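Here's the letter readout for the chains.
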Amino acid sequence: MHLEKFDMKNSVIEIRDLKKSYTETKVHVHALQGVDLIIEKGEFTAIVGPSGSGKTTLLNIIGGLDRPTHGNVKLNGQDIGLLSDNQLIDFRRDHIGFVFQSYNLIPVLTAKENVEFVMLLQKQTQADRDARTLELMTAVGLADRMHNRPNELSGGQQQRVAVARALAPKPAFILADEPTANLDSKSTADLLDLMATLNQEEGITFVFSTHDQRVIDRARRVITLEDGKIRSDEYRA
Amino acid sequence: MTTLVKLAARNIWRNRRRTLITAASILFAVFFSILMTSIQRGTWGHMVDSVVRYHFGYVQIHKAGFWEDRSIDNAMHPEDLAETLSDAPELRSLVPRIESFALASLGSRTKGALVIGIDPSLEDSFTSLRNRVAKGSYLANGDDGVLIAEGLAEYLDLQINDTLVLISQGYHGTNAAGKYPVKGMVHLSNPELNKQMIYMELAAAQWFYGAEGLVTTLVADLNQASAMDEFVGFARSRLDTASYEIMDYTEMLPDLIQARELDLAGGQIFLLILYLIVSFGIFGTLLMMVKERSYEFGILKAIGMRSSQINIMLWLETMALGLIGCCAGVLFALPIIHHLKRNPIRMQGNYAEAYEQFGVEPVLPASTDPQIFIMQALTIFAIISLLSLYPILKIMRLEPVKAMRN
Ligand SMILES: Nc1ncnc2c1ncn2[C@@H]1O[C@H](COP(=O)(O)OP(=O)(O)OP(=O)(O)O)[C@@H](O)[C@H]1O
Ligand SMILES: [Mg+2]
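Residues numbered from 1 in each chain as written. Chains lettered and ligands numbered in written order. Predicted model: local features only at pLDDT ≥ 70, side-chain atom pairs only at ≥ 80, totals over all residues. Heavy atoms only, no water.

**Looking at the sheet that holds strand β1 (residues 11-22) of chain A**
Residue and element names in this part refer to chain A. Read across the open sheet, the 4 strands follow the order β2-β1-β4-β5; overall the sheet is antiparallel. Single-partner strands in this sheet number two, and they are β2 (29-40) and β5 (78-79). Relative to strand β4 (residues 70-75), β1 runs antiparallel, the two sharing 5 bridges. Within β4, the position partnered with Ile15 by the bridge is Val73. Contacting β1, β2 and β4, helix α1 (residues 55-62) crosses the sheet at an angle of about 125° to β1. (Pairing = 2+ DSSP bridges. Helix = DSSP H or I, 4+ residues; strand = E, 2+ residues; numbered from the N terminus. Contact = heavy atoms within 4.5 Å. Axes fitted to C-alpha atoms, helices over the stretch in contact; angles between N-to-C directions.)

Right under this line is the structure:
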């Protein structure tokens, strides 16, 4: 293991001996079987592996959407296993950005309102919200689509709005489970460009899962899962 | 909070079809419950009104104890009473009667009868007795003849201008007897009355019973039936209730009231079934709604919206739908109920005959009592409020990971 190698102060995600079993089904599934992982601030990391290897399970647990059977998760130094359900919801709202595979956006809200939504939940002032939404919508290249509803945007545009929304509360990191799975190659490239730019210029931490070789090629660290365990963990130049 | 209101409003608007289906099912629930209740209440109102106005009136005043024994000894002087009650605003007039039992005979046939002295014009304006004269003519003031019910006339085998012999006990034990020419026959559709009624001019009857200037009964002719309780209260406060009995129709006609209560209770069961069906319908739409939107709720919870906030949003949506549906139901029902009040449904066949036998027009008019509209709308709204707990429970248990797995 590479644990000693990292400067612990810079880590945003710290996972120790993470196990997750699904026991509600007849055949018990051991989706994660002891995962140790540290993600540092500013990483651009892909989680890959065959279908059923545990990528989604891992990302859900990191994101506080699911609780592990064993082990613990520290985000920004906070052990999220110690939080109550409502505390966990607030923690997600304030510290984690999510981009899901599809249908990320609230259909009845415009792109601007979707980006603004979490800030509204945080009770930020109107002025702060307006400034931040404009900044983010410009950053994702959709300043001219502020007032469109999700169904008036292409899949790629929707994912970019989702990235903007994820960034709105200035989270510690962004988790994205197969964000390009439903996109064509042009939109995939655009979204990856956007994420890479945000990562390099703003220092935003991204952790994403994918099956797509073109996406894997853009990552600077690739963690490969197999049968709920880390098979390899490579850094690229 | 404004965010939640905005979200709720947009959700209602976005899913217009679901909104329409839900609101429509609420509308029909409210409409049918109003329709049912209003026809049932209206029909009973009409029935009671017909029966009451036919003879008894809504309120009668007697000397205490008269209703029990119908004894002529319980006669009273009407003038002071009339004076005391004259300023009751609901009172149109006090219709005087003197009534007691007598034996009526013609030749060898004899039968018990209710011989009742009336003021011909006051009685007619109150019960329309003149319209019921089937043969001969109506009584006039100072008349010395009698009107006899057809049923009784038939039993005695009597014709117009025959002379009827009446024998009874008069006031304070005097003998009452007299011969009276039959001036007319009246058709009384109430079978009880048709078997025993004999009408006489008031003064003649007072003379017959040896009770000059006295009456046994004052029937209050009221401006409107709904003023009854007010008038009874007024009369009871003004009169010495130890000496006088002030009776409303519910005390005089307990059988009718019992029949009404029984029928209304049946109606309540029917309503309950209606509410149940409607509840299932509305519950179905809520069930569908939660299922269809669980992915969306999953996202909302994942990105940091608390269950309580989602619940407020859903609750607002459901309440708004309930409000729209209930108001629409009332608005929809109003003109139809008003129409059915003016042009009531007419019964046919056996039912119609049964009604007509009791002198009741065989119609089912609707009641436009605003209380019916308000109560039914509120009841359905309460049911919806209760049902809206289901999505709330669902949301509290919703796990984003499961909700988004599809
Ligand atoms: N709720 C659940 N109940 C039972 N088994 C589950 C549940 N969720 C996931 N699993 C199982 O856990 C294992 C890991 O699933 P997971 O979704 O994490 O895989 P994945 O790597 O994301 O796959 P994919 O590439 O297809 O998305 C699989 O065998 C899956 O069937
Ligand atoms: Mg997956």
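**A word on the domain arrangement of chain B**
For interface size, the figure often reported is the accessible area lost on association. For chain B, the assigned domains are domain 1 (2-52 + 256-405) and domain 2 (65-240). Using C-alpha coordinates to define each centre, domain 1 of chain B is positioned 50 Å away from domain 2 of chain B. (Domains from an automatic or database assignment.)

**With respect to the environment of Pro365 of chain B**
Residue and element names in this part refer to chain B. Along the chain, the position of Pro365 falls in the loop between β12 (363-364) and α15 (370-387). Of the residues examined, Pro365 reaches a relative accessible area of 11% and is grouped as buried. Measuring from C-alpha to C-alpha, the distance between Pro365 and Asp143 comes to 40 Å, with 222 residues separating the pair along the chain. Those residues in contact with Pro365, other than ones at most four positions away along the chain, are Ser38, Ile39, Gly42, Thr43, His46, Leu340, Lys341 and Pro344. (Buried < 20%, exposed > 50% of the residue type's maximum accessible area, 1.4 Å probe, protein only.)

**Concerning the pairing of strand β5 (residues 146-149) of chain B**
Residue and element names in this part refer to chain B. Of the two faces of β5, the one holding Val146 and Ile148 and the one holding Leu147 and Ala149 are both buried throughout. Bridge count for β5 against strand β7 (residues 175-186) is 4 bridges, and the pairing is parallel. If you follow Leu147 over to β7, its bridge partner there is Gly184. Relative to strand β8 (residues 197-201), β5 runs antiparallel, the two being bridged by 3 bridges. Pairing of Leu147 across the sheet is with Tyr199, part of β8.

**Description of the nonpolar core**
Most often, soluble globular proteins keep nonpolar side chains buried together rather than apart. Phe117 of chain A together with Val59, Leu85, Phe231, Phe297, Met305 and Met313 of chain B are the most contacted members of the largest nonpolar core, which totals 86 residues. In terms of residue count, helix α2 (residues 16-56) of chain B provides more of this core than any other element does, 13 residues in total. Residues from two domains meet in this core; each of domain 1 (2-52 + 256-405) and domain 2 (65-240) of chain B gives at least three. Contact partners of Met313 of chain B, with chain neighbours within four places excluded, come to Leu4, Leu7, Ala8, Asn11, Arg293, Phe297, Leu300 and Met305 of chain B. Counting residues in each nonpolar core, the second largest holds 37 residues, with Val48, Leu142, Leu167 and Ala168 of chain A among its members. (Core = buried A, V, L, I, M, F, W, Y, C linked by side-chain atoms within 4.5 Å.)

**Brief notes about the state of the cysteines**
All names here are of chain B. Taken as a whole, this structure holds 0 disulfides over all chains when the rule is applied. Of all cysteine sulfurs in the structure, the one in Cys327 sits closest to Cys326, which takes part in no disulfide; the separation is 7.0 Å. A residue is classified by how much of its surface remains accessible, and Cys327, at 45% relative accessible area, is partly exposed. (Disulfide = S-S within 2.5 Å.)

**Quick word on the interface of chain B and chain A**
Contacts between the two partners involve 22 residues from chain B, matched on the other side by 27 residues from chain A. Across the interface of chain B and chain A, roughly 2,200 Å² is buried in total on both sides, 64% from carbon and sulfur atoms. Together, Arg10, Ile303 and Arg306 of chain B form the three largest contributors to the area buried by chain B at its contact with chain A, with a combined 28%. There are 3 salt bridges connecting chain B and chain A. Taken together, chain B and chain A are joined by 6 residue pairs in polar contact (both at pLDDT 80 or more). (Buried area = accessible area lost by both parts, 1.4 Å probe. Salt bridge = Lys/Arg side-chain N within 4 Å of Asp/Glu carboxyl O. Polar contact = N/O pair within 3.5 Å; in protein donor to acceptor, adjacent residues only side chain to side chain.)

**Here's the deal with the pattern of salt bridges**
Evaluated as defined, the whole model comprises 32 salt bridges over all chains. One salt bridge connects Arg93 of chain A with Asp90 of chain A, and the closest N-O pair in it is separated by 3.7 Å. With a gap of 3 residues between them, Arg93 of chain A and Asp90 of chain A both fall in helix α2 (residues 85-95), about one helical turn apart. Across the pair, exposure class does not vary: Arg93 of chain A and Asp90 of chain A are buried alike. Among the salt bridges present, the one from Arg293 of chain B reaches Glu296 of chain B, with a minimum N-O distance of 3.6 Å. What you see here is one network of salt bridges that share partners, running through Asp90, Arg93 and Asp94 of chain A together with Arg306 of chain B.

**Concerning the layout of surface pockets**
Approximately 940 Å³ is the volume found for the largest pocket. In terms of lining residues, the largest pocket is bounded by 44 residues, among which Phe100 and Gln101 of chain A together with Tyr295, Met404 and Arg405 of chain B are the most central. Looking at the lining of the largest pocket, the elements that each hand over two or more residues are β2, α1, β6 (96-99) and β7 (173-177) of chain A together with α12 (294-302) and α17 (400-403) of chain B. Element by element, the count of residues in the lining of the largest pocket is highest for α1 of chain A, at 5 residues. A per-class count over the lining of the largest pocket returns 20 nonpolar, 15 polar and 9 charged. (1 Å grid on protein atoms, 1.4 Å probe; cavity = no way out; pocket = protein on both sides within 12 Å on 5 of 7 lines; lining within 4 Å. Points joined across faces, edges and corners; volume = space filled by probe spheres on them. Nonpolar A, V, L, I, M, F, W, Y, C, P; charged D, E, K, R; others polar.)

**Details of empty space enclosed by the protein**
Summed over all chains, the structure comprises 3 cavities of 30 Å³ or more. Estimates place the volume of the largest cavity at around 140 Å³. Mapped onto the lining of the largest cavity, the elements with two or more residues apiece are α1 (2-14), α2, α11 (254-292) and α13 (307-342) of chain B. Here the lining of the largest cavity takes 4 residues from α13 of chain B, the largest share from any one element. By residue class, the composition of the lining of the largest cavity is 5 nonpolar, 6 polar and 3 charged. Within this model, the second largest cavity holds a volume of roughly 60 Å³. Looking at the second largest cavity, the residues that line it are Arg92, Arg93, Ile96, Gly97, Phe98, Val118, Arg165, Ala166 and Pro169 of chain A together with Ile303 of chain B. At the level of elements, α2, β6 and α5 (155-167) of chain A are the ones that each hand at least two residues to the lining of the second largest cavity.

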